[in-house]
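# Commentary on secondary and tertiary structure
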Amino acid sequence: MYAFDYTRPASLAEAIEAMRGDEAKALAGGQTLIPTLKQRLASPATLVDLTGITEIRGICLKDGAVSVGAGTRHAEVAASADVRRLIPALSHLAGHIGDPQVRNRGTLGGSLANNDPSACYPAAVLGLGATVHTSAGRAIAADDYFQGMFTTALDEGELITSVDFPVPEKAAYMKFVQPASRFALTGVFVAKFAGGVRVAVTGASEGGVFRWAEAEAALGRSFAVGALDGVEASPDGMIGDLHGTPEYRAHLVGVMTRRAVEAAA
Amino acid sequence: MPKDHGIGASSKRREDVRFLTGKGQYTDDINRPGQTYCYFLRSSVAHGKINGIDTSAAAAAPGVVAVFTAKDLEGVGGVPCGWQVTDKDGNPMKEPKHPILAEGKVRHVGDPIAAVVADSLAAARDAAEQIELDIEELPAVIDMRAAVKGGTAVHSEAPDNICYDWEFVAENKAAVDEAIRGAHHVTTLELVNQRLVANPMEPRCAIGEYDAGRDEHTLWTTSQNPHVIRLLMGAFVLSIPEHKLRVVAPDVGGGFGSKIYHYAEEAFVTWAAKKVGRPIKWTADRSEAFLSDAQGRDHVTKVELAMDKDGHFLALRCSTLANMGAYLSTFAPCIPTWLHGTLLAGNYRTPLVFTNVKAVFTNTVPVDAYRGAGRPEATFQLERTIDKAAREMGIDPAELRRRNFIQPDQFPYQTPVAVVYDTGNYGATLDKALELADVKGFAARKAASKAKGKLRGLGIANYIEACGIAPSSLVGALGARAGLYEAATVRVNPTGNISVFTGSHSHGQGHETTFAQVVAEMLGCSESQVDIVHGDTSRIPFGMGTYGSRSLAVGGSAIVKSVEKIITKAKKIAAHLLEASESDITFANGQFTVSGTDRSIDWGTVALTAYVPHKYPISEIEPGLEETSFYDPANFTYPAGTYVCEVEVDPDTGVVEIQSFVAADDFGNVVNPMIVEGQVHGGLAQGIGQAMLEGCTYDESGQLLSASYMDYAMPRAADLPNFVVDHSCATPCTHNPLGVKGCGEAGAIGSPPALVNAVVDALAGHGVTHIDMPLSPGRVWEAIRAARH
Ligand SMILES: Cc1cc2nc3c(=O)[nH]c(=O)nc-3n(C[C@H](O)[C@H](O)[C@H](O)COP(=O)(O)OP(=O)(O)OC[C@H]3O[C@@H](n4cnc5c(N)ncnc54)[C@H](O)[C@@H]3O)c2cc1C
């Protein structure tokens, strides 16, 4: 680690102010950022610790959507009775991120700001068509938020404050774990709404989380596994690494989508 | 009733009290007054010429005590190699210098270039970033097959990158060729035994200290064999005589082989502590461990097995490329040769065996022994090939093995690969394993899996290993630059309790418990009266340490010898006290008795008399009750066994789930069944880790792709089934006093082929005949797909 200043604001307003500083960086659960600092891959001048800000933490119901504060821990999302009742797939997803230590530190906001191509939350946010609220007063639609691996619509210093998840009729998340990291080698979030079906895929693409349009169209016609017969993801643009070729990932996208539909139906 | 005490009892591991309550004393827990910290600047390229190193800014940085590069180390030797292999033409292997800090060239990512010593680790690291390196990158050779075909030379001494080209048994070569040419059937298999990272839980650490008043050096280090380090480092690297050098290996958190070797960092902190006049600590972080701990395995092999029409093995021919990495680690040359070629008879009567091993330099981290060392590679070759042969010949895999077993009445058995097996009963462990695995019920289970869309497979593997590597005269003839005996001093203290000083080193094996059980059994005392001391050259006799499952067979035997001497002397004292003839004294349950009478005295009285010799046969024997023995075994020990693994494969994803795993081992006599089972469990976990998960992978430029746990997959509890382990088929070793064979490596040796055989069995219907490890979901799925096309 390189030396840095540390501040722990008590309110969002103070945090916004602190983030204006030169090379300021937000610190939430630290599950991504701290290892990066320890490996000397980042050298922020100031760490702005968000964990003291109560207004960005917690879960409530808002206009029929489940609103989750950006500072809410994965374990809190997993354990929330409201989330379990309204979007069990989201609860399940949060409950299977990393290990208990990670879940008790890591936050929704940190995961979305980081937008790791293998992370789980981006699949839920995109799959449910959630809205990301920020400290700049913006409400960013999921479809606009994710802009490729580790890239998002957030501006410099802009903080995520909360995320509103619409409640689907049915939904499921199927995660195929990468054997070493246990992140998603391929994860698929399928959600059925009155107006249509959304299928979001994480872990597979070099472009980060994406919606699988062909599967959405097929499932929109009939929300059943059989509807996916003959629907195949292309290996083009899929990640190839130690743990799987692009062909394997493309294949898993199909398998995990089918399994998600089965689990949701 | 199972015993609750002494040999045969599952005594609880006494060392766990401190380990489980955070009271262990590992090297990094030790801090010396005035201690400084060392950070090694390591090469970020796999191969390069060092044109210049400018350390001036680093040396002037805050908190820095000194910065060193190779030019400061003039007069310091390179890291020595402890084993010399002679090639097929009678020439010694190529043995290029392995400098403490890179001299002129860097040869792998992680090769240390400079060392910064500072008041804090952070200051050392900060300063290291200010070192200016001018390194001209050279093409790197990573793949062994390319390295031997005119790739860039890693060392000018070995222009073809071949360290040695070894043939064994050379005299059999023509006969083997002949037998293969004329055989009814030859099964051929090409396979890779992939490179592994040892990953002990505790990373390496070393602290050097120099006492100028006494002109004495101390090194605390994470070692499996402190005396070996003292000898190698003192004599070959730093020219420090033994009496001025103390090496302490305190609690060590796992080694698996990787902490046998003498490493450059140990020599550096010992040497530099005198230069800077302050103690120096270096602790590897996990990333550094991936780049600097000796790695394991890494063989590419072609096997040919010739059979007659009934499947009798006629001849075996193997050729292997064995990766040495960029430099020769301490025992690297002997692993693919004497610990591998000599095991190629396996449990079978194959009359003719020939193997050719080319050891290859590449721009990768050095490779050396890793749990099993050579024997897993031999076992994997044989047991995979036999399985393939069974399928090709249409013979049941268990039956084909049984047909070729060395029979119980053939022991001692002279193999065609030099070694003589003392005892064994391979049919017994096979029967036992098949019974415990309920092989009869397999067909029904397979059908049930099929109904769920899953493919079920059953895999069998036998193994034999050679443990307790010895005798010294033999290993000397084979190129070892050391003896391979073990030493023990048993000191009976005046009030009768016992301190045992052993050259064996415990870093997870539970010696403190097992050795105490042996002594307690022999002396008829309680285990709590026996203390086991190890790991400090200033306290223990000169011994060779722990590796190759040798501790009980060799170290334990040395303890037995010493206790026997103690008993002999104690009887003399007892005879004097009882005014009887020495030959009339019997010793049992801690009592010395005049045979045929009720006259007896207890152990405590005799012990006290030895140290308070008021009434004592002083003209015949000296006071005191302490004996030292050096035990040099007559032969290796040969644990053997059968493993049966049953898997279910999901053809949609390639996921392999282990349904059951049975291990029937013959370890000879067992001192502590619980510890033995624990060792088997750990070995199985590591073997299954190799078979399914682990793999150390470099890209073409020599960057390590699997450089952290984000990409290097370690086995976790959830990956493993509940193991069924059995050690009832015991044929005690015939040549050591305890009749023990060694159990530390067996699990890691026998499990990879059992698992791979099971998966290939499951996929046989899809046309799959082999998959290289690790059998990750992606690989399994690709294998199914490739076989289909
Ligand atoms: C062992 C391990 C296993 C894991 N497994 C998984 C897994 O299976 N699936 C998965 O999805 N993830 C996994 N993770 C990642 C985990 O979910 C992290 O918690 C998450 O990616 C980052 O969240 P954090 O709160 O820790 O953020 P931090 O590490 O504190 O920050 C991450 C980044 O987000 C920024 N940031 C944080 N909060 C905000 C905010 N409110 N607004 C704007 N920017 C912000 C920070 O500045 C930083 O750049 C794993 C992590 C570990 C260590």
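Residues numbered from 1 in each chain as written. Chains lettered and ligands numbered in written order. Predicted model: local features only at pLDDT ≥ 70, side-chain atom pairs only at ≥ 80, totals over all residues. Heavy atoms only, no water.

What follows covers the overall build of chain B. Secondary structure assignment for chain B yields 19 helices and 28 strands. In terms of overall dimensions, chain B is globule-like: its C-alpha atoms have a radius of gyration of 27 Å, near the 28 Å expected for 789 residues. For chain B, the spread of C-alpha atoms along the three principal axes comes to 90 × 75 × 50 Å. Per-residue burial over chain B gives 63% buried out of 789 residues. Partitioning the intrachain contacts of chain B with sequence separation of at least 6 by distance along the chain shows that 79% fall at a separation of at least 24. Element-wise, carbon and sulfur atoms account for 52% of the exposed surface of chain B, whose accessible area totals about 27400 Å². Across chain B, 70 positive and 93 negative side-chain charges occur, with their mean positions spaced 2 Å apart. (Helix = DSSP H or I, 4+ residues; strand = E, 2+ residues; numbered from the N terminus. Rg over C-alpha atoms; globule rule 2.2 N^0.38 Å. Buried < 20%, exposed > 50% of the residue type's maximum accessible area, 1.4 Å probe, protein only. Contact = heavy atoms within 4.5 Å. Areas by Shrake-Rupley, 256 points an atom, 1.4 Å probe, with all protein chains shown as cover. Lys, Arg positive; Asp, Glu negative; His and termini not counted. Charge placed at Lys NZ, Arg CZ, Asp CG, Glu CD.)

With that settled, the discussion passes to the site of the ligand. Residue and element names in this part refer to chain A. Of all residues adjacent to the ligand, which total 29 residues, the nearest are A26, G30, L33, T107 and C120. Within the backbone of Q31, one N or O atom sits 2.8 Å away from an oxygen atom of the ligand. One of the backbone nitrogen or oxygen atoms of S111 is found 3.5 Å away from an oxygen atom of the ligand. Secondary-structure elements contributing two or more residues to the shell around the ligand are β2 (24–27) and α7 (108–114). Ranked by the residues each element gives to the shell around the ligand, the list is headed by α7, at four residues. (Near = heavy atom within 4 Å. Polar contact = N/O pair within 3.5 Å; in protein donor to acceptor, adjacent residues only side chain to side chain.)

In sheet architecture, strand pairing relies on hydrogen bonds along the backbone and comes in two forms, parallel and antiparallel. All names here are of chain B. If you trace the seven strands from one edge of the open sheet to the other, you get β3-β5-β1-β12-β9-β10-β11, paired in mixed fashion. Here the strands that pair on one side only, and so sit at the sheet edges, are β3 (64–69) and β11 (245–248). With direction set aside, neighbouring strand axes in the sheet form an average angle of 20°. When strand β1 (residues 36–42) meets strand β12 (residues 280–283), the two strands line up parallel, connected through two bridges. Directly across from Y37, in β12, lies its bridge partner K281. Running over the sheet, helix α3 (residues 121–128) touches β1, β3 and β5 (112–118) and is turned about 30° from β1. (Pairing = 2+ DSSP bridges. Axes fitted to C-alpha atoms, helices over the stretch in contact; angles between N-to-C directions.)

Before going further, it helps to examine the domain arrangement of chain A. Where interface size is given, it is often the accessible area lost as the parts come together that is meant. Domain boundaries assigned for chain A yield domain 1 (5–49), domain 2 (54–166) and domain 3 (170–264). The C-alpha centroid of domain 3 of chain A is placed 34 Å from the C-alpha centroid of domain 1 of chain A. (Domains from an automatic or database assignment.)

Our next topic: the pattern of salt bridges. Under the counting rule described, the total for this entry stands at 60 salt bridges over all chains. Close ionic contact of A:R138 with A:E158 constitutes a salt bridge, the shortest N to O distance being 2.8 Å. Placement of the pair is A:R138 in the loop between β6 (131–134) and β7 (139–141) and A:E158 in the loop between α9 (142–145) and β8 (160–166), with a sequence separation of 20 residues. Note on A:R138: relative accessible area 30%, which makes it partly exposed. A relative accessible area of 8% places A:E158 in the buried class. Note that A:R259 and B:D650 form a salt bridge whose closest N and O atoms lie 2.8 Å from each other. Here the residue A:R259 occupies a position in helix α11 (residues 246–264), and B:D650 occupies one in strand β26 (residues 640–650), the pair thus bridging two chains. What emerges from the salt-bridge pattern is a single network uniting B:D438, B:R445, B:K452, B:R456, B:E646 and B:E648. (Salt bridge = Lys/Arg side-chain N within 4 Å of Asp/Glu carboxyl O.)

The next thing to look at is the pairing of β3(B). Residue and element names in this part refer to chain B. With respect to burial, β3 is a largely interior element, five of its six residues being buried. The sheet contact formed by β3 and β5 spans five bridges and is antiparallel. Of the residues in β5, the one forming a bridge with V67 is V116.

Moving on to the packing of aromatic side chains. Using the criterion set out here, one finds 31 aromatic pairs over all chains in the structure. Centroid distance B:F68 to B:F268: 5.5 Å. Interplanar angle 70°. Geometry classified as edge-to-face. In this pair, B:F68 is assigned in strand β3 and B:F268 in helix α7 (residues 264–276), connecting sequence segments 200 residues apart. Taken individually, B:F68 and B:F268 each receive the classification buried, so the pair is uniform in this respect. With centroids separated by 5.0 Å and ring planes inclined at 15°, the aromatic side chains of B:W166 and B:F168 adopt a geometry described as stacked. There is no split in this pair, since B:W166 and B:F168 are both buried. Taken together, B:F40, B:F68, B:F268, B:W271 and B:W282 form an aromatic cluster joined through their ring pairs. A cation sits over an aromatic face here: A:R40 above A:Y2, 4.5 Å from the ring centre. (Phe/Tyr/Trp six-rings, centres within 6.5 Å; stacked < 30°, edge-to-face > 60°. Lys NZ or Arg CZ within 6 Å of the ring centre and 35° of its normal.)

The next point concerns unusual backbone geometry. With an omega of -5°, the peptide bond between B:F168 and B:V169 qualifies as cis. Tracing the sequence through the fold places B:V169 in the loop between β7 (162–168) and α5 (173–182). Geometrically, the link from B:A470 to B:P471 is a cis peptide bond, its omega value of -5° lying close to zero. Turning to its location among the elements, B:P471 is positioned in the loop between β18 (455–464) and α13 (472–477). Here A:D63, not a glycine, exhibits a phi torsion of approximately 50°, which is positive. Here A:D63 lies in the loop between β4 (59–62) and β5 (65–69).

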